Amino acid sequence: MIDELLNPWIRSLVPYSSARSEFSGKADILLDANESWIGGNDGINRYPDPLARELRKEMERVMGIPYSMSAIGNGSDEVIDLLIRMFCAPGKDCVMIERPTYGTYSVFARTSNVGVIDIPLTSDLNLDEDAIVSAIMEKRPKIVFICSPNNPTGRVYPLSTIRRIAEVNSGITAVDEAYCDFAEHYESAVSAIENNPRIVVLRTFSKAYGKAGARLGVLVSSPEIQQVFMKVKPPYNVSRPAEAAGLEALHDCSVRKRVQETIERREAFSSFLRTLPYVRTVFPSEANFVLFRVDSAARLYDYLISRGIVVRNRSSDPMLENTIRVTIGSEKEMEALKEAMNGWRG
Ligand code: PMP
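A. Just the overall build of the chain, in detail. Across its full length, the chain carries 13 helices and 11 strands. The C-alpha radius of gyration computed for the chain amounts to 22 Å, which stays within 12% of the reference 20 Å derived for 346 residues, consistent with globular compactness. In terms of principal-axis extent, the alpha carbons of the chain reach across some 70 × 55 × 35 Å. Partitioning the intrachain contacts of the chain with sequence separation of at least 6 by distance along the chain shows that 69% fall at a separation of at least 24. Approximately 16300 Å² of the chain is accessible, and the part contributed by carbon and sulfur atoms is 50%. Side-chain charges of the chain comprise 42 positive and 45 negative groups, with the mean position of each set lying 3 Å from the other.

This is the structure:
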């Protein structure tokens, strides 16, 4: 079934066989990969494991993601790009997104000359299920991207809705769960893959796990899709320091505590925003950021910049005129932001 969805040239692709994938046992002398013999104790002169096996084994233990269902990308951005290249024929196929949402789905699609169908969210920033279903029937997208919690709105979509969309969709439904750790009582779409192998889930080490600089994105999918992903990904896309950073994050007992702190700070900041006379709407968020509407986002943005604080002006997104998105930072950073916002007269 998945086979039929793949681009024909991907189906027949003979993958590059790297030295490190041909021999992965233990040996004293490795003269197979044209690496340098000059090296320290950290093994950085050696190529990394193309399959990131250690990290994936730990992910199974700590996150409960089965080893046979995980693959690692150079950030989830690479996973998004490769999914499009696996399933979408340039100049012919299209993907579907629900705007406003994370920007790279459409940029990677357009980079591959793949069309983008935009379905606007409802006025209360929810998925417009009827519009999505009828557009799927009419346009037959190869991939439907659903971001939950959505960036930049912070909104979680019910798993039942995602399942229904994925059932109607004969292509891939890619659920981006980058911010799921910050949502309370989150129901992950990973549980839906078994019954519907056209569902894939994206996770990342960049948010709750605090490793954005390492570039570690996760594709959770049926083993069938995972095997194709392994064929198309660059052989050494996850560096040794990145894999080590991922392992460190999985073993770090303070991650849960930091996520909880972030959630509490998000709620406190949202309440603070509601007390400000120039804030019009605070959108409820289940991510590590808050989106809110003010009288003039451009002027507030410039004012905060003048105070050395950088936030994101999301006003150019459809339906988000005069909105600002603030990432929840440390207590000190949020205090500085609050002080600056208290001093602003709108
Ligand atoms: N998905 C979403 C929804 C995001 O907001 C981001 C980054 N802001 C990413 C994916 C990219 O994550 P990564 O750092 O793993 O490439």
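B. Just the site of the ligand, in detail. Contacts to the ligand come from 13 residues, most closely from Asp176, Tyr179, Thr204, Ser206 and Arg215. Between the ligand and the protein, one listed contact pairs an oxygen atom with a backbone N or O atom of serine 76 at 2.7 Å. Within the contact set of the ligand, an oxygen atom lies 3.1 Å away from a backbone nitrogen or oxygen of aspartate 77. Relative to its free-state accessible area of 400 Å², the ligand is covered by the protein chains to the extent of 91%. The dominant element in the shell around the ligand, judged by the number of residues it contributes, is helix α5 (residues 75-87), at 3 residues. When grouped by side-chain class, the residues that make up the shell around the ligand number 4 nonpolar, 5 polar and 4 charged.

C. Main features of helix α6 (residues 104-111). Listing the buried residues of α6 in full gives Thr104, Tyr105, Ser106, Phe108 and Ala109. Among the structural elements, α5, β2 (94-99), β3 (115-120), β4 (143-147) and β5 (172-176) are those in contact with the buried residues of α6. Asparagine 113, located one to two residues past α6, shows a positive phi value of around 55°.

D. Representation of the state of the cysteines in the model. Taken as a whole, this structure holds 0 disulfides when the rule is applied. Among the cysteines around cysteine 88, which has no disulfide bond, cysteine 94 carries the closest sulfur, lying 7.8 Å off. Counting only cysteine sulfurs, cysteine 147 is the nearest neighbor of cysteine 180, a cysteine outside any disulfide, at a range of 11 Å.

E. Summary view of the packing of aromatic side chains. Under the definition given, this model contains 9 aromatic pairs. Consider the rings of tyrosine 105 and phenylalanine 145, whose centres lie 4.6 Å apart with planes at 10°: the pair is stacked. One end of the pair, tyrosine 105, is in helix α6; the other, phenylalanine 145, is in strand β4, and 40 residues separate them in sequence. Of the two residues, tyrosine 105 and phenylalanine 145, both sit in the buried class. With a centroid separation of 6.4 Å and an interplanar angle of 90°, the aromatic rings of tyrosine 278 and tryptophan 344 are classed as edge-to-face. Of this pair, tyrosine 278 sits in the loop between α11 (254-274) and β8 (279-283) while tryptophan 344 sits in the segment after α13 (331-342); the two residues are 66 residues apart in sequence, bridging distant segments of the chain. Through successive ring pairs, a cluster of aromatic residues spans Tyr102, Tyr105 and Phe145. Arginine 325 extends its terminal NZ or CZ atom over the ring of phenylalanine 289, reaching a point 5.6 Å from the ring centre.

F. The packing of helix α7 (residues 129-139) against helix α8 (residues 159-168), seen in detail. Between α7 and α8, the shortest axis-to-axis distance is 10 Å and the interhelical angle comes to 15°. By the angle class used here, α7 and α8 are roughly parallel. In this structure, α7 meets α8 at a crossing whose hand is right-handed. In contact with Glu129, Ile132, Val133, Ile136 and Met137 of α7, α8 contributes Thr161, Arg164, Ile165 and Val168. Split into classes, the residues belonging to the contact of α7 with α8 amount to 6 nonpolar, 1 polar and 2 charged.

G. Examining the packing of α11 against α13 more closely. At a minimum axis distance of 12 Å, the contact between α11 and α13 shows a crossing angle of 5°. The angle between the axes of α11 and α13 places the two elements in the roughly parallel class. Residue-level inspection shows Arg265, Phe269, Phe272 and Leu273 of α11 in contact with α13, the latter providing Glu331, Met334, Leu337, Lys338, Met341 and Asn342. Grouping the constituent residues of the contact of α11 with α13 by class yields 6 nonpolar, 1 polar and 3 charged.

H. Representation of the environment of tryptophan 9. Position of tryptophan 9 among the secondary structure elements: in helix α2 (residues 8-11). On the basis of relative accessibility, which here comes to 45%, the residue tryptophan 9 falls in the partly exposed class. Each C-alpha atom, one on tryptophan 9 and one on serine 76, is 23 Å from the other, the two residues being 67 residues apart in sequence. Sequence-distant contacts of tryptophan 9, defined by excluding residues within four places in its chain, comprise Ala89 and Pro90.

Conventions and cut-offs
Residues numbered from 1 in each chain as written. Predicted model: local features only at pLDDT ≥ 70, side-chain atom pairs only at ≥ 80, totals over all residues. Heavy atoms only, no water. Helix = DSSP H or I, 4+ residues; strand = E, 2+ residues; numbered from the N terminus. Rg over C-alpha atoms; globule rule 2.2 N^0.38 Å. Contact = heavy atoms within 4.5 Å. Areas by Shrake-Rupley, 256 points an atom, 1.4 Å probe, with all protein chains shown as cover. Lys, Arg positive; Asp, Glu negative; His and termini not counted. Charge placed at Lys NZ, Arg CZ, Asp CG, Glu CD. Near = heavy atom within 4 Å. Polar contact = N/O pair within 3.5 Å; in protein donor to acceptor, adjacent residues only side chain to side chain. Nonpolar A, V, L, I, M, F, W, Y, C, P; charged D, E, K, R; others polar. Buried < 20%, exposed > 50% of the residue type's maximum accessible area, 1.4 Å probe, protein only. Disulfide = S-S within 2.5 Å. Phe/Tyr/Trp six-rings, centres within 6.5 Å; stacked < 30°, edge-to-face > 60°. Lys NZ or Arg CZ within 6 Å of the ring centre and 35° of its normal. Axes fitted to C-alpha atoms, helices over the stretch in contact; angles between N-to-C directions. Parallel < 35°, antiparallel > 145°, perpendicular 65-115°, else oblique. Left-handed = near helix turned anticlockwise from the far one by under 90°.

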